[in-house]
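Examining the three-dimensional arrangement
So the chains spell out like this:
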Amino acid sequence: MKQISPSCERNKDFILPVLKEVLPGSGTVLEVGSGTGQHAAFFAAGLLQLVWQPTDLAESFPSIRAWGEEAKLPNLRAPLKLDLLASAEHWPVASADAVVCINTVHIVAWKGVENLFAGAGRVLSAGGVMFVYGAYRYATRALEPSNENFDQWLKARDPASGVRDFEAVNALAQRQGLALAGDRAMPGNNRSIWWIKG
């Protein structure tokens, strides 16, 4: 049942040091869009001081559980259902110290991105961190050719998906009381971006 995502294997070693830098020293991290569960197992092992709570649609649970059972980590929780397209009001946790969402913003429809930030704004405590990772388009510069091709591929498989405009995403964050705290270039023309709840 354990699924393997090549992109997770490529990016996990680059993302972990950023998470170590920007996530709080203790508390609960809500991972939105855990996918295969690879990141949950890897990051929970590297961040033992944090409780890692994976979430996704129910069809992803077998793989997430398989990775969790193999890792046998005391700080890695069983997956909970979170459908970004369904609601921002009924998330499976009432509060979190950080929300982490990797390679999901460009996959879900824009309504899901709106719900992601609305939900994060609701569950994050003051000083909480919202972290996203993936490809973004910026008004101040041309999109990289590799990300242009990626955007076309995404839209061919689902017209509602695509590389998102950073400025539009940042506006969603600001409306939820989230202040931009960092935007870092990552390998493969990806970005690590994080906000702090006021």
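Scroll up a little and you will see the structure.
Presented here is an overview of the structure given in this document. Keep in mind that this is a model prediction, so the values were computed, not measured.

A closer look at the packing of aromatic side chains
One pass over the full model with this rule turns up five aromatic pairs. With centroids separated by 6.2 Å and ring planes inclined at 15°, the aromatic side chains of F150 and W153 adopt a geometry described as stacked. Placement of both F150 and W153 in helix α5 (residues 145–157) is noted, with a separation of three residues, approximately one turn of the helix. Each residue in the set F42, F43 and W52 is aromatic and connected to the rest through ring pairs, giving one cluster. The side chain of K2 reaches across the aromatic face of W67, ending 4.4 Å from its centre. Directly above the aromatic system of Y138 lies the positively charged group of R141, at a separation of 4.1 Å from the ring centroid.

Comments concerning the pairing of strand β2 (residues 50–56)
Successive residues of a regular strand alternate their side chains across the two faces of the sheet. For β2, the tally of buried residues reaches six of seven residues, placing the bulk of the element in the interior. When strand β1 (residues 27–32) meets β2, the two strands line up parallel, connected through six bridges. Paired with G27 across the two strands is L50, which belongs to β2. Each parallel crossover has a hand, and the one from β1 via helix α2 (residues 38–46) to β2 is right-handed. Inspection of the sheet shows β2 paired to strand β3 (residues 80–81) by two bridges, in the parallel sense. Following the sheet pairing, T55 is matched in β3 by L80.

Some remarks on helix α6 (residues 166–175)
Within α6, the full set of buried residues consists of F166, V169, N170, L172 and A173. Within α6, the buried residues cover an arc of 150° as seen down the axis, which keeps them to one side. Away from its buried face, by an angle of more than 90 degrees, α6 presents the exposed residues Q174 and R175. Directly after α6, the chain includes G177, whose backbone phi takes a positive value near 80°.

Quick look at the packing of helix α1 (residues 6–22) against α2
Helix-helix packing is described using two parameters, namely the angle between the two axes and the distance between the axes. Packing of α1 against α2 leaves a shortest axis separation of 10 Å and a crossing angle of 35°. When the axes of α1 and α2 are compared, the crossing they make is right-handed. Residue-level inspection shows C8, E9, N11, K12, D13, I15, L16, L19 and K20 of α1 in contact with α2, the latter providing Q38, H39, F42, F43 and G46. A breakdown of the residues in the contact of α1 with α2 according to their chemical character gives six nonpolar, four polar and four charged.

Calculation criteria
Residues numbered from 1 in each chain as written. Predicted model: local features only at pLDDT ≥ 70, side-chain atom pairs only at ≥ 80, totals over all residues. Heavy atoms only, no water. Phe/Tyr/Trp six-rings, centres within 6.5 Å; stacked < 30°, edge-to-face > 60°. Helix = DSSP H or I, 4+ residues; strand = E, 2+ residues; numbered from the N terminus. Lys NZ or Arg CZ within 6 Å of the ring centre and 35° of its normal. Buried < 20%, exposed > 50% of the residue type's maximum accessible area, 1.4 Å probe, protein only. Pairing = 2+ DSSP bridges. Right-handed = clockwise from strand over helix to strand, strands pointing away. Arc of directions from axis to C-beta. Axes fitted to C-alpha atoms, helices over the stretch in contact; angles between N-to-C directions. Left-handed = near helix turned anticlockwise from the far one by under 90°. Contact = heavy atoms within 4.5 Å. Nonpolar A, V, L, I, M, F, W, Y, C, P; charged D, E, K, R; others polar.

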